Amino acid sequence: MKIFGVDIGGSGIKGAPVDLERGDLAEERFKVLTPHPATPDGVADGVKQVVEHFEGACDRVGITFPGVVTGGSTIRTAANVDKSWIDVDARALLSEKLGGLPVTVLNDADAAGVAEMQFGAGRGRKGTVLLLTFGTGIGSALFSDGVLVPNTELGHLELDGHDAERRASTKAKEDHDLTWEHWARRVQKYLEHVEMLFSPELFVIGGGVSRKAHKFLPLIEGIKAEIVPAELQNNAGIVGAAMTASRL
Ligand code: BGC
């Protein structure tokens, strides 16, 4: 069976066929820019372009969404995409756009977490594991003994009187031209807050910035939990989405 994963992000929509044995992309991924405004129809067209780029058979598509997705289908929040997504039945919309192909939809950080727990930095890890993705927003995936607690939205905890992702996402770093040192202090403060609430054994740091982990993880001090970069880096969402579709 040929399964694709597609990751809808605030800046790009990227996807590829996934090799589920290896937990890796089967072909080089293809990316289109997220339309602005990122409306349901515009984004769904982007997903279609990504899938159609890979000519040939596709049996199912797993799709991530950068917001809360309940029941594998209904969008509940849309912090970094157009608000008209709220209450949309994303599974029905995307399946229809893809000519009736079966699709699954889940939160982007949850998808990345599922992949990291199976194939990456969280492999075999028991206890409380928290994957945090730093990108346009901050996403979170909470695991208890390997089982996902879906739709935790820890990027929206309050930090210094602000929504945490407005202070500590990589977008905040870029928007305010913060140095790695300055941004790492904000990330550290954020991790201290999350650690106080959840006492995880392990933090896995994902999102595009995980490629540059060496620039900021060594600057973070005083966190009791182990902190490691995601191993699948920015492909984790694509792989996790396809894994979820394979379980349909
Ligand atoms: C959203 C989360 C999402 C994260 C990363 C946040 O703004 O609320 O659902 O996982 O961004 O995209």
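The model shown is predicted, which means the values in this text are computed figures rather than measured ones.

### Side note on the pairing of strand β10 (residues 138-144)
Here's step 1: Burial analysis of β10 places six of its seven residues in the buried class, which makes it a mostly covered element.
Here's step 2: Connecting the antiparallel pair strand β9 (residues 128-134) and β10 is a turn made up of three residues.
Here's step 3: For β10 and strand β11 (residues 147-149), the ladder comprises three bridges, and the chain directions are antiparallel. Note on β11: the bridge partner recorded for Phe143 is Leu148.
Here's step 4: The antiparallel pairing of β10 with β11 creates a hairpin that spans two residues between the two strands, and Asp145 there sits at a positive phi of about 45°.

### Structural notes on the pairing of strand β1 (residues 3-8)
Here's step 1: Of all six residues that make up β1, six are buried, and the element is covered over most of its length.
Here's step 2: Every second residue of β1 is oriented toward a common face, with Ile3, Gly5 and Asp7 on one face and Phe4, Val6 and Ile8 on the other, all of them buried.
Here's step 3: Strand direction decides the pairing type here: β1 and strand β5 (residues 60-65), joined by five bridges, are parallel. Bridge pairing links Asp7 to Thr64 in β5.
Here's step 4: As defined by bridge partners, β1 adjoins strand β2 (residues 12-19) across five bridges and the pair is classed as antiparallel. Counted as the bridge partner of Gly5 is Ala16 from β2.

### Description of the pattern of salt bridges
Here's step 1: According to the stated counting rule, one finds 13 salt bridges in the structure shown.
Here's step 2: Ionic pairing is found between Lys2 and Glu27, a salt bridge with its closest N-O pair at 3.9 Å. Pair noted here: Lys2 is in the segment before β1 and Glu27 is in the loop between β3 (24-25) and β4 (30-33), with a separation of 25 residues, a long-range link.
Here's step 3: Under the relative-accessibility criterion, Lys2 is labelled partly exposed at 30%.
Here's step 4: Measuring nitrogen to oxygen at the nearest pair gives 3.6 Å for the salt bridge that ties Arg22 to Asp24.

### Comments concerning the domain arrangement of the protein chain
Here's step 1: Considered domain by domain, the protein chain is made up of domain 1 (3-110 + 236-246) and domain 2 (124-230).
Here's step 2: Each partner contributes to the interface: domain 1 provides twelve residues, whereas domain 2 provides 14 residues.
Here's step 3: In total, about 890 Å² of surface goes out of reach between domain 1 and domain 2, with carbon and sulfur atoms giving 45% of it.
Here's step 4: Counting every contact that joins domain 1 to domain 2 gives zero salt bridges.
Here's step 5: Where domain 1 packs against domain 2, one counts three residue pairs in polar contact (both at pLDDT 80 or more).
Here's step 6: Among the elements of the structure, β6 (69-70) and α3 (108-119) are those that each provide at least two residues to the side of domain 1 that touches domain 2.
Here's step 7: Classifying every residue of the side of domain 1 that touches domain 2 gives four nonpolar, seven polar and one charged.

Procedures and definitions
- What you see as residue numbers is a count from 1 along each chain, following the sequence as written.
- Since the coordinates come from a predicted model, pLDDT governs what is reported: local features require at least 70, and pairs of side-chain atoms require 80 or more to be given and counted, while whole-chain, interface and lining totals use all residues.
- To get the side-chain values, all heavy atoms of the structure are used, and hydrogens and water are removed first.
- Accessible area is worked out with a 1.4 Å probe on protein chains only. A residue is then buried under 20% of its type maximum, exposed over 50%, and partly exposed in between.
- The secondary structure listing takes helices from DSSP runs of H or I that are at least 4 residues long and strands from runs of E that are at least 2 residues long, numbered from the N terminus.
- The rule for pairing is simple: two strands pair if DSSP sees at least two bridges between them.
- By definition, a salt bridge exists where a carboxyl oxygen of Asp or Glu is found within 4 Å of a side-chain nitrogen of Lys or Arg.
- All domain edges in this entry derive from an automatic or database-based domain assignment.
- Every residue pair with non-hydrogen atoms within 4.5 Å of one another is taken to be in contact.
- Two parts placed together each lose some accessible area; with a 1.4 Å probe, that loss summed over both constitutes the buried area.
- Side-chain atoms alone can form a polar contact between residues adjacent in sequence; in general such a contact is a pair of N or O atoms within 3.5 Å, and within protein one must be able to donate a hydrogen while the other accepts it.
- Each residue receives one of three labels: charged for Asp, Glu, Lys and Arg, nonpolar for Ala, Val, Leu, Ile, Met, Phe, Trp, Tyr, Cys and Pro, and polar for the others, Gly being one of them.

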